[in-house]
Amino acid sequence: MDNPDDGIPAPGIEIESVAEFDAAAAAGTLAGHRIQSVDLTDRSAALLAADTSGAVFLGCRMTHEAAAKVRAEGAFVFPPVPGLPFDPYRGLLYSPDALYAGLADGGYEATPDARAYRWFQQTRANGDTFASMLRALHDDAVSDALDELLTGARVVGVMGGHATPRGSAAYAAAARLGRTLARSGLTVVTGGGPGAMEAANLGAYAAPHPDPMLDKACELLADAPSFTPSVTQWALAAFTVRQRWPAGGGSVSIPTWFYGHEPPNPFADHIAKYFANALREDGLLARSTAGVIFLPGAAGTVQEIFDNTTPNYYGSRGAPTPMVLVGSAHWTDELPTWPLLRALAAGRPMESRIALVDTVDEAPEALARLTG
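Only a predicted model underlies this, so the values are computations on that prediction, with no experimental measurement involved.

Cut-off values and rules
- Residues numbered from 1 in each chain as written.
- Predicted model: local features only at pLDDT ≥ 70, side-chain atom pairs only at ≥ 80, totals over all residues.
- Heavy atoms only, no water.
- Phe/Tyr/Trp six-rings, centres within 6.5 Å; stacked < 30°, edge-to-face > 60°.
- Lys NZ or Arg CZ within 6 Å of the ring centre and 35° of its normal.
- Pairing = 2+ DSSP bridges.
- Helix = DSSP H or I, 4+ residues; strand = E, 2+ residues; numbered from the N terminus.
- Expected span 1.5 Å × (residues − 1).
- Buried < 20%, exposed > 50% of the residue type's maximum accessible area, 1.4 Å probe, protein only.
- Contact = heavy atoms within 4.5 Å.
- Patch = residues over 30% accessible without salt bridge, like charges linked within 9 Å, V, L, I, M, F, W, Y side chains within 5 Å.
- Areas by Shrake-Rupley, 256 points an atom, 1.4 Å probe, with all protein chains shown as cover.
- Salt bridge = Lys/Arg side-chain N within 4 Å of Asp/Glu carboxyl O.
- Core = buried A, V, L, I, M, F, W, Y, C linked by side-chain atoms within 4.5 Å.
- 1 Å grid on protein atoms, 1.4 Å probe; cavity = no way out; pocket = protein on both sides within 12 Å on 5 of 7 lines; lining within 4 Å.
- Points joined across faces, edges and corners; volume = space filled by probe spheres on them.
- Nonpolar A, V, L, I, M, F, W, Y, C, P; charged D, E, K, R; others polar.
- Right-handed = clockwise from strand over helix to strand, strands pointing away.

Student: Tell me what's going on with the packing of aromatic side chains, and back it up with residues and numbers.
Tutor: The tally for this structure, following the rule as stated, stands at twelve aromatic pairs. Ring geometry for Phe258 and Tyr259: centres 5.0 Å apart, planes at 75°, overall edge-to-face. Among the aromatic residues, those joined into a ring-pair cluster are Phe86, Tyr94, Trp119, Phe120, Trp257 and Phe275. The cationic tip of Arg90 hangs over the ring face of Tyr94; the distance from NZ or CZ to the ring centre is 3.7 Å. It is Arg348 that lies over the ring of Tyr313; its NZ or CZ is 3.8 Å from the centre.

Student: Which residues make up the sheet that holds strand β3 (residues 56-58), and what values go with them?
Tutor: Pairing in this open sheet of four strands is parallel, and the strands run β1-β2-β3-β4 from one edge to the other. Lying at the two open borders of the sheet, with one neighbouring strand each, are β1 (14-15) and β4 (76-78). For β1 and strand β2 (residues 34-36), the ladder comprises two bridges, and the chain directions are parallel. What sits directly across from Glu14, in β2, is Arg34.

Student: Which residues make up helix α8 (residues 169-183), and what values go with them?
Tutor: For α8, which comprises 15 residues, the first-to-last C-alpha distance of 21 Å matches the rise-based estimate of 21 Å (1.5 Å per residue) to within 8%. Every buried residue of α8 is listed here: Tyr171, Ala173, Ala174, Ala175, Leu177, Gly178, Arg179, Leu181 and Ala182. Packed against the buried residues of α8 are β5 (155-159), β6 (187-190), α9 (196-206), α10 (212-221), β9 (292-294) and α16 (363-371). Downstream of α8 by one or two residues, Gly185 has phi in the positive range, about 100°.

Student: Tell me what's going on with the side chain of Asn308, and back it up with residues and numbers.
Tutor: Mapped onto the secondary structure, Asn308 falls in helix α13 (residues 299-314). Sequence-distant contacts of Asn308, defined by excluding residues within four places in its chain, comprise Leu285, Val292, Phe294, Arg317, Thr321 and Met323.

Student: Explain a nonpolar patch on the surface residue by residue, including any values.
Tutor: Together, Phe130, Met133 and Leu137 make up a nonpolar patch on the protein surface, roughly 250 Å² of accessible area in all. The partly exposed category is assigned to Phe130, whose relative accessible area is 40%.

Student: Please provide a residue-by-residue account of unusual backbone geometry, values included.
Tutor: Residue Pro229 is bonded to the preceding Thr228 through a cis peptide linkage, with omega at 10°. Tracing the backbone through its elements, the reader meets Pro229 in the loop between α10 and α11 (231-244). Of note, the phi angle at Ser37 is positive, near 50°, even though the residue is not glycine. Relative to the helices and strands, Ser37 resides in the loop between β2 and α2 (44-49). Under the relative-accessibility criterion, Ser37 is labelled partly exposed at 28%. Positive phi values are uncommon outside glycine, yet Ala247 reaches one of about 60°. On the secondary structure map, Ala247 appears in the loop between α11 and β7 (252-253).

Student: Now, about the nonpolar core: what can you tell me, with residues and values included?
Tutor: Side chains of nonpolar character tend, in soluble globular proteins, to be buried together. In this structure, Leu181, Leu202, Ile293, Leu295 and Val324 are the most contacted members of the largest nonpolar core, which totals 42 residues. Residue assignment for this core shows that the elements contributing at least two residues are β5, α8, α9, α10, α11, β10 (323-326), β11 (354-357) and α16. Those residues in contact with Ile293 that sit more than four places away from it in its chain are Gly157, Val158, Met159, Leu177, Leu181, Val324, Val326, Ala363 and Leu367.

Student: Which residues make up the layout of surface pockets, and what values go with them?
Tutor: In this model, the largest pocket occupies a volume close to 420 Å³. Lining the largest pocket are 25 residues, and of these Gly160, His162, Met197, Glu262 and Gly300 sit closest to its centre. It is α13 that contributes the most residues to the lining of the largest pocket, five residues altogether. Of the voids in this model, the second largest pocket is the one considered here, and its volume is about 240 Å³. What lines the second largest pocket is simply Glu14, Arg34, Gln36, Leu58, Phe78, Pro88, Tyr89, Leu137, Asp140, Ala141 and Asp144. Listed by contribution, the elements that provide at least two residues to the lining of the second largest pocket are β2 and α7 (129-150). No other element matches α7, which puts four residues into the lining of the second largest pocket. For the lining of the second largest pocket, the class distribution of residues is six nonpolar, one polar and four charged.

Student: So what's going on with the pairing of β10? Residues and values would help.
Tutor: Every second residue of β10 is oriented toward a common face, with Met323 and Leu325 on one face and Val324 and Val326 on the other, all of them buried. Bridge count between β9 and β10: three bridges; the pairing is parallel. Residue Phe294 lies in a different strand from β10, and its bridge partner there is Leu325. The handedness of the β9 to β10 crossover, carried by α13, is right-handed. Of the strand pairs in this sheet, β10 and β11 are connected by four bridges, and their pairing is parallel. Paired with Met323 across the strands is Ile354, a residue of β11.

Set out below in C-alpha cells:
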C-alpha cells in the first residue's frame, strides 16, 4: 500500500524493452511502473490510453503530446540527454557489438566505447556537476542491470594481469581455466580487460565447443598479441574468432572507463562497464559469491586480493568466500602476498577458505575443495 507521505508510489514493473511495454500497456495500466530507455515514439496511442500515474520514464523518447499527458497524470519524465556517447538510463548491460559498433568501418576511435572514454576524460576534470550526475546515473543503472542478470547464479571471479599476451602459455592456461569453470556450471566474471581477464572470458565462450576450438582460437588471436599498438586490430581478431565459432558460452565482464586506455575484451556476452572504478572494483568482488581465483598479476591484482580479504576478515558480507591464489613463487617470493594473507586469516573463519596452488590447472579443484 502506498505511503501518502512518500511522494512517490510504490514501484511497479521495470520495463526495459518495447515488448515489455506492450505487455504492460495491454494490461491497461502503467501506474507506478519504471520504464528505462525505451523508444516510445510509436507508442503514443498506448501512452494516451493507459493510466501512467506515478510512472517513471527514464530516457524514453516520446511525442510532445504523450509527454504532456503523462506529466499531467503525475508521471516523472527524465528526458534523453542529447549528444552523449552513452545512455545514462540504460536498462540492460552492454554487449560487445554495442561497445564496438563501427569498429570495422571507422576503427576503434569511432566506437561508442572510445567515444565514451573521450567524454569521460574531458568531463571528469572540469568539475561539471551535470556530467558527474550523468556518470552516477549510468553506473547505478549498470549495477541494477548486473544484479538482475546474476540473480541466482553461482559466480566465480577470475582476476589477473592485463599484460598477459595472447599466444603465451599463461594466456592459454587462463583460457583453459575459464572453460573448466564454465563447464562446471559457474558463471565466470572478470575485470573485463585484456590479458588474463580476456583469456578467462574466452575460455567461458569456448565452453560449449569441442576442445580443439580453444587451441585454434588462441592461435588466431596470437597474430594480435596486445592491444598496443592497435586496439582496432586486437579487437578485430577477437570478433573474427566469434564469427568463426558463433554461439559461444556466456560470461560477464566488469571493466571501467577509469582505465579506458585498456579496451574491454569482446568475449564476455554481458559487459557491465562503469565510470567509477571504486564502484566497479567493489561490485566485482562482492558479486563473486562462489569465490575468486587470483592469477599472477601486479599492483592491481594485489589490490583486488586485499579488497576481497577485508570483508572476509570481518565477515561484513556474511560467510567468507573462497580465495585461490595461483603461482606459489609469484605470491610468496616475487610479491609476498600469501604470507600476509595467511597471517591475517589465522584463527578466523576465513582460514579454511584460502589456498595457494602452483598452477592454473590446480585452481578449479582447490576452489571446489574450499567451497565443499
